[in-house]
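Chain by chain, the residues:
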Amino acid sequence: MTTFTTVTVVGASLAGLHAARGLRSLGYDGRLVVVGEERHRPYDRPPLSKEFLTGDGDPGEGPGGLALTDPEEEAELDAEWLLGVRAEALDTAAGEIRLTGGRALRTDGVVIATGATPRTLPLPRLDGVHTLRTLDDATRLRAALRAGAARVVVIGAGFIGAEVASSCAALGLDVTVVEAAPLPLVPQLGEEMARVCAGLHARGGATLLCGTGVEGLRGSGRVTGVELTDGRVLPADVVVVGVGVRPVTGWLEGSGLALDDGVRCDAGCVTALPNVVAVGDVARLAQPGTVRTVRAEHWTSGMLQGAVAARNLLAGSTVEPFEALPYFWSDQYGARIQYAGRRAPGDSVRIVEGDPADGGGFLAVYERGGISTAALGIDRPRPFMRLRRELARAPQPAGR
Ligand SMILES: Cc1cc2nc3c(=O)[nH]c(=O)nc-3n(C[C@H](O)[C@H](O)[C@H](O)COP(=O)(O)OP(=O)(O)OC[C@H]3O[C@@H](n4cnc5c(N)ncnc54)[C@H](O)[C@@H]3O)c2cc1C
């Protein structure tokens, strides 16, 4: 086991917290520092586009709260929390992290957990235009939606865009979702199932416009509308831009670490340096047996990678690869969508329970060469979880 004097976790959110927990549960008893740019203790992001927007949920602890830790656990973790502090640079040769304000933090172990940040569009900066990643973003958006907004335009029909649209529809607002692709979510779900999910917008009372981009915004000071590339103008009191995220790696430029749409790691979250690991949305992991690398943007990956990375960091090299089957869920218009597995373009889809046409929920299995590669469920949580467990145990086609 490598002996560290100080391990610093950069990013005080889901993956960073789980790495910190992993380190302590594996017996690391040295100095543990957690640096977080947000002023908040770790909190859960998934509710931000769902019940936090529609409800009056308290961002803190307790039922309905978002906090991922409580004072008792924080005492047990025995970490130094540097919150509202940004890591500006990592000097791997000197063993230092430079923080905002010029302060340098000496550290011999590093967990990179800086997550992802929303992509933006080249649009003018106007009041009423929002992105959604943080609790502060969600608090601002929630206030805007309750301040008399009637018409909302969501740009991008990915999972976050669809969830925001669903929440706005639940609040009784007039919602239009604009998607540049002919159909949203095809890369994630394949065309057949993407079409079913796209149908949820109409079911929930929102309008989905596909195959058109955004040309610009109307309004001076405050947004009044969205100009589309096909010439239409959509009146809007609030605009939410949900066009995906990019991993937060800017602070690692010059560190010598390999950056390629994320921090390049081996299959066990270890970078080219054995004392630096990366976890969660920022980590791009090698896939054993393939030349492919994967960066997941799912809650479950972020949570599970923390423990694996902690083990490998303390071991000094990868002794445990991260092998969990990819899994995510999304809640839209009262429907729970769950997906697990590794589908690839060309996989066939077989409905094994229910009927997508009747709107009452169903279970689908993706297959290739007679082998199940992935599963999708809508409103079938129990059988879906059974399928997910079976998939995790089953052999995968070569190269997955
Ligand atoms: C609105 C929303 C809804 C979601 N819903 C779902 C869902 O339904 N299902 C699902 O599977 N997944 C969902 N996700 C995705 C899931 O929340 C993420 O995969 C997860 O939060 C990733 O955790 P992370 O710790 O890797 O990164 P993050 O949660 O992004 O945390 C990274 C942290 O690092 C901090 N940071 C960044 N740079 C620095 C720096 N230089 N110095 C210090 N700190 C820094 C950031 O401020 C942030 O607090 C959702 C995400 C969002 C935003």
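Residues numbered from 1 in each chain as written. Predicted model: local features only at pLDDT ≥ 70, side-chain atom pairs only at ≥ 80, totals over all residues. Heavy atoms only, no water.

Novice: So what about the pairing of strand β7 (residues 109-112)? Which residues, and what values?
Specialist: The two faces of a sheet get side chains in turn, since along a regular strand they alternate between them. Of the two faces of β7, the one lined by G109 and V111 and the one lined by V110 and I112 are each fully buried. Here strand β1 (residues 6-10) pairs with β7 via four bridges, running parallel. Bridge pairing in β7 links T8 to V110. Across three bridges, β7 lies against strand β19 (residues 276-278) in parallel orientation. Along β19, the bridge assignment pairs V110 with V276. (Buried < 20%, exposed > 50% of the residue type's maximum accessible area, 1.4 Å probe, protein only. Helix = DSSP H or I, 4+ residues; strand = E, 2+ residues; numbered from the N terminus. Pairing = 2+ DSSP bridges.)

Novice: Report on the packing of aromatic side chains, specifying residues and quantitative values.
Specialist: Considering all chains together, one arrives at six aromatic pairs under this definition. Measuring from ring centre to ring centre gives 6.0 Å for Y327 and F384, while their planes differ by 40°; the resulting arrangement is tilted. Placement of Y327 in strand β22 (residues 327-332) and of F384 in helix α8 (residues 381-393) is noted, with a sequence separation of 57 residues between them. Counting every residue linked through ring pairs, the aromatic cluster contains F159, F328, Y339 and Y366. Over the ring of F52 we find R142; its NZ or CZ atom is 3.9 Å from the centre of that ring. Over the face of the ring belonging to Y327 we find R388, whose NZ or CZ atom lies 3.8 Å from the ring centre. (Phe/Tyr/Trp six-rings, centres within 6.5 Å; stacked < 30°, edge-to-face > 60°. Lys NZ or Arg CZ within 6 Å of the ring centre and 35° of its normal.)

Novice: Describe the site of the ligand, listing the residues and the values that go with them.
Specialist: For the ligand, the set of nearby residues contains 33 residues, the closest of which are S13, E38, R45, K50 and R133. A distance of 2.6 Å separates an oxygen atom of the ligand from a polar side-chain atom of E38. Note that an oxygen atom of the ligand is positioned 3.2 Å from one of the backbone N or O atoms of W299. In the complex, the protein chains occlude 95% of the 1000 Å² of accessible area that the ligand would expose alone. If you list the elements that add at least two residues to the shell around the ligand, you get α1 (14-25), β2 (31-36), α5 (159-170) and β22. Across the shell around the ligand, the residue classes break down as 16 nonpolar, eight polar and nine charged. Residue assignment places the shell around the ligand across two domains, with domain 1 (6-117 + 246-315) and domain 2 (125-243) each supplying three or more. (Near = heavy atom within 4 Å. Polar contact = N/O pair within 3.5 Å; in protein donor to acceptor, adjacent residues only side chain to side chain. Areas by Shrake-Rupley, 256 points an atom, 1.4 Å probe, with all protein chains shown as cover. Nonpolar A, V, L, I, M, F, W, Y, C, P; charged D, E, K, R; others polar. Domains from an automatic or database assignment.)

Novice: Which residues make up the UniProt feature "domain: Reductase C-terminal" (unreviewed entry) in the chain, and what are the values?
Specialist: Per the UniProt record, "domain: Reductase C-terminal" (unreviewed entry) is found at residues 327-395. Annotated as residues 327-395, this span is 19% helix and 51% strand, and its ends, taken at the C-alpha atoms, are 17 Å apart. (UniProt positions renumbered as here; feature names shortened; annotations may be inferred.)

Novice: Describe the nonpolar core, naming the residues involved and giving the relevant values.
Specialist: With 52 residues, the main nonpolar core has L23, V111 and I112 as its most contacted residues. What V111 contacts, discounting residues up to four positions off in sequence, is V7, T8, V9, V10, A19, L23, V277, V279 and L313. Ranked by size, the runner-up nonpolar core spans 45 residues in total, among them A144, L200, V240 and A364. (Core = buried A, V, L, I, M, F, W, Y, C linked by side-chain atoms within 4.5 Å. Contact = heavy atoms within 4.5 Å.)

Novice: Kindly report on the domain arrangement of the chain, identifying the contributing residues and their values.
Specialist: Segmenting the chain into domains produces domain 1 (6-117 + 246-315), domain 2 (125-243) and domain 3 (334-393). In this structure, domain 1 and domain 2 have C-alpha centres spaced 30 Å apart. Summing the contributions of domain 1 and of domain 2, the shared interface buries around 1500 Å²; its carbon and sulfur component is 56%. The tally of links between domain 1 and domain 2 comes to three salt bridges. Its salt-bridge partner being R39, residue D136 comes within 3.3 Å of it at the nearest N-O pair. For the pair domain 1 and domain 2, the interface holds 15 residue pairs in polar contact (both at pLDDT 80 or more). At three residues, the largest contribution of residues to the side of domain 1 that touches domain 2 is made by helix α2 (residues 51-54). Across the side of domain 1 that touches domain 2, the residue classes break down as eight nonpolar, five polar and six charged. (Buried area = accessible area lost by both parts, 1.4 Å probe. Salt bridge = Lys/Arg side-chain N within 4 Å of Asp/Glu carboxyl O.)

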